[in-house]
Amino acid sequence: MAIPIENIYFLLCYAWNKLDEKERVDVSIDDKTELLDLFAKVLITSSKLLLKRGIDKSYIDHQEEISGIKGKIEISQTLKRNLPFKQKTVCTYDDFSPNIITNQILVSTIYRLTRTKGIDPILKMELAKLQKMLLGVDLIEIKGSHFKQVKLNRNNRFYGFVMNVCHLIFQSTLPSEEKGKYKFSDFTRDEKKMNQLFEAFIRNFYRIEQRKFNTVKKEIIKWQFQEDDIESHQYLPQMETDISLENEEKKIIIDAKYYKETMTVNYDKERIRSSNLYQLFSYLLNQQDGSEKTKMATGILLYPTIERDYDLDFKYDNHKIQIRTINLDTNWKNISTRLKEIINV
């Protein structure tokens, strides 16, 4: 499934819940733009905005052996090293510095991109210039754990978008056979990663773009089983919807599924994936709590497609069961309109 680059960018911005930054970061994209170059453009544009605003700084503790006194003297260490005879001391002091984890991740990601095979030479030059502008920030060997150290607040919230881009670049660039170089791995070819992206995009799109349902969330549904003993319950798998939309009168459960091929083919005939239907059916049966809206809840299996749309309708008891698709190979206005039509907004 080949999704246009611009649409992938929109999917990411919705999935990250960073639409404000999407509007601020103007990324010119054409049909020839590669995904790697898209990441580079986004990082360059957002980093320039960050530098214009002023990069984040913080007080960092330093401890070193110096002539004289600076900050707090570490008496025990000074005496242990016999430094008074050399007219030196061990001191701990604060330094207001940009050399913090967010900037280290940023500068190291910029460096990583310049070392990635296949990047556009002009973008590579722009990235190299950016790296030189981030003075006093150390290069680090980025690990997944570094992103967990990032703490965002009101003053540095714009870093949230930049860190998301850096994290995606980290996940999509792997060390190559040539030392110090990286190769790009196109995450859009990974069905599991794209499924996570598609689900997060749909959920946040409905959170932001519609007002009919005041609740849009993942929902944990309890099995309506009776156990003979308490111990049996712990072995039941957890049921969690991708998206549950709800207001006082109506409820819709959406299961968003990403596959390279929307339908399976059996004896040259297209079929809905049975496991998807079983899952949605189980949600509808077990979410009923006696209220009218749960008795009448609608279940939707939502798939992306780039060729043809499907609109299939079924009914079980009072439940509508719908199969819907969204064409990701069209302009963004059409995608938005189609998603709103699906929930009848």
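What counts, and where the lines are drawn
- Residues numbered from 1 in each chain as written.
- Predicted model: local features only at pLDDT ≥ 70, side-chain atom pairs only at ≥ 80, totals over all residues.
- Heavy atoms only, no water.
- Salt bridge = Lys/Arg side-chain N within 4 Å of Asp/Glu carboxyl O.
- Helix = DSSP H or I, 4+ residues; strand = E, 2+ residues; numbered from the N terminus.
- Buried < 20%, exposed > 50% of the residue type's maximum accessible area, 1.4 Å probe, protein only.
- Expected span 1.5 Å × (residues − 1).
- Pairing = 2+ DSSP bridges.
- Core = buried A, V, L, I, M, F, W, Y, C linked by side-chain atoms within 4.5 Å.
- Contact = heavy atoms within 4.5 Å.
- Axes fitted to C-alpha atoms, helices over the stretch in contact; angles between N-to-C directions.
- Parallel < 35°, antiparallel > 145°, perpendicular 65-115°, else oblique.
- Left-handed = near helix turned anticlockwise from the far one by under 90°.
- Polar contact = N/O pair within 3.5 Å; in protein donor to acceptor, adjacent residues only side chain to side chain.

## A look at the pattern of salt bridges
Item 1. Here the structure, examined in full by the defined rule, presents 12 salt bridges.
Item 2. The closest approach of N and O atoms between K218 and E199, which form a salt bridge, is 2.8 Å. With K218 in the loop between β6 (215–217) and β7 (220–221) and E199 in helix α9 (residues 191–209), this residue pair connects regions lying 19 residues apart in the sequence.
Item 3. Relative accessible area serves as the criterion here: at 11%, E199 is assigned to the buried category.

## Observations regarding helix α8 (residues 159–172)
Three- or four-residue spacings in an α-helix give side chains the same orientation, since the helix completes a turn every 3.6 residues.
Item 1. The end-to-end C-alpha distance of α8 is 20 Å, a good match for the 20 Å that 14 residues give at a rise of 1.5 Å each.
Item 2. Turning to α8, its buried residues are Y159, G160, F161, V162, M163, V165, C166, L168, I169, F170 and S172.

## Points about the pairing of strand β15 (residues 319–327)
If a strand is regular, its side chains alternate between the two faces of the sheet.
Item 1. Counting buried positions along β15 gives 8 out of 9 residues, so the element sits mostly inside the fold.
Item 2. Pairing between strand β13 (residues 298–305) and β15: 7 bridges, direction parallel. Within the sheet, the bridge partner assigned to T305 lies in β15 and is N327.
Item 3. Where strand β14 (residues 311–316) folds back onto β15 in an antiparallel hairpin, the turn is made up of 2 residues, including D317, whose phi is positive at roughly 55°.

## Examining the nonpolar core
Nonpolar side chains in soluble globular proteins tend to end up buried together.
Item 1. Counting residues in hydrophobic clusters, the biggest one holds 72 residues, and the most contacted among them are F201, Y206 and L339.
Item 2. Dropping the residues within four chain positions of it, Y206 is found in contact with V216, L245, I254, L339, I342 and I343.
Item 3. Listed in part, the 15 residues of the second largest apolar core include I221, Y259, Y283 and A297.

## A closer look at the environment of K320
Item 1. You can see K320 is positioned in strand β15.
Item 2. The class of K320 is partly exposed, set by a relative accessible area of 47%.
Item 3. Spatially, the C-alpha atoms of K320 and V137 are 57 Å apart, while their sequence positions differ by 183 residues.
Item 4. Once residues within four sequence positions are removed from consideration, K320 is found in contact with A297, T298, G299 and F314.

## Quick look at the environment of Q104
Item 1. As for its placement among the helices and strands, Q104 is situated in helix α5 (residues 101–114).
Item 2. Judged by relative accessible area, Q104 falls into the buried class, the value being 14%.
Item 3. When the C-alpha positions of Q104 and K86 are compared, they lie 36 Å apart, and in sequence the two are 18 residues distant.
Item 4. Excluding anything up to four places from it in sequence, Q104 contacts N99, V137, D138 and I140.

## Remarks on the sheet that holds β6
Item 1. Taken in spatial order, the 6 strands line up as β6-β9-β10-β13-β15-β14 in an open sheet, and their pairing is mixed. Because the sheet does not close on itself, it has two edges, and the strands there are β6 and β14. Strand-to-strand twist of the sheet, defined as the mean angle between neighbouring strand axes without regard to direction, takes the value 20°.
Item 2. The sheet contact formed by β14 and β15 spans 6 bridges and is antiparallel.

## Structural notes on the packing of helix α1 (residues 5–15) against α9
Helix packing for two helices is described by the angle between their axes and how far apart those axes are.
Item 1. Taken N-terminus to C-terminus, the directions of α1 and α9 make an angle of 65°; their axes are 7 Å apart at the nearest point. Taken together, the axes of α1 and α9 lie roughly perpendicular to each other. With respect to the hand of their crossing, α1 and α9 are arranged in left-handed fashion. Packed against α1, whose contacting residues are L11, L12, Y14 and A15, the element α9 presents L197, A200, F201, N204, F205, I208 and E209 at the interface.

## Points about α9
Item 1. Taking 1.5 Å as the rise per residue, α9 with 19 residues should run 27 Å; its terminal C-alpha atoms sit 26 Å apart, in good agreement.
Item 2. Every buried residue belonging to α9 is among M194, L197, F198, E199, A200, F201, I202, R203, N204, F205 and Y206, and all of these are buried.
Item 3. Of the residues that open α9, the one with a side-chain oxygen 3.0 Å from the backbone nitrogen of K192 is D190.

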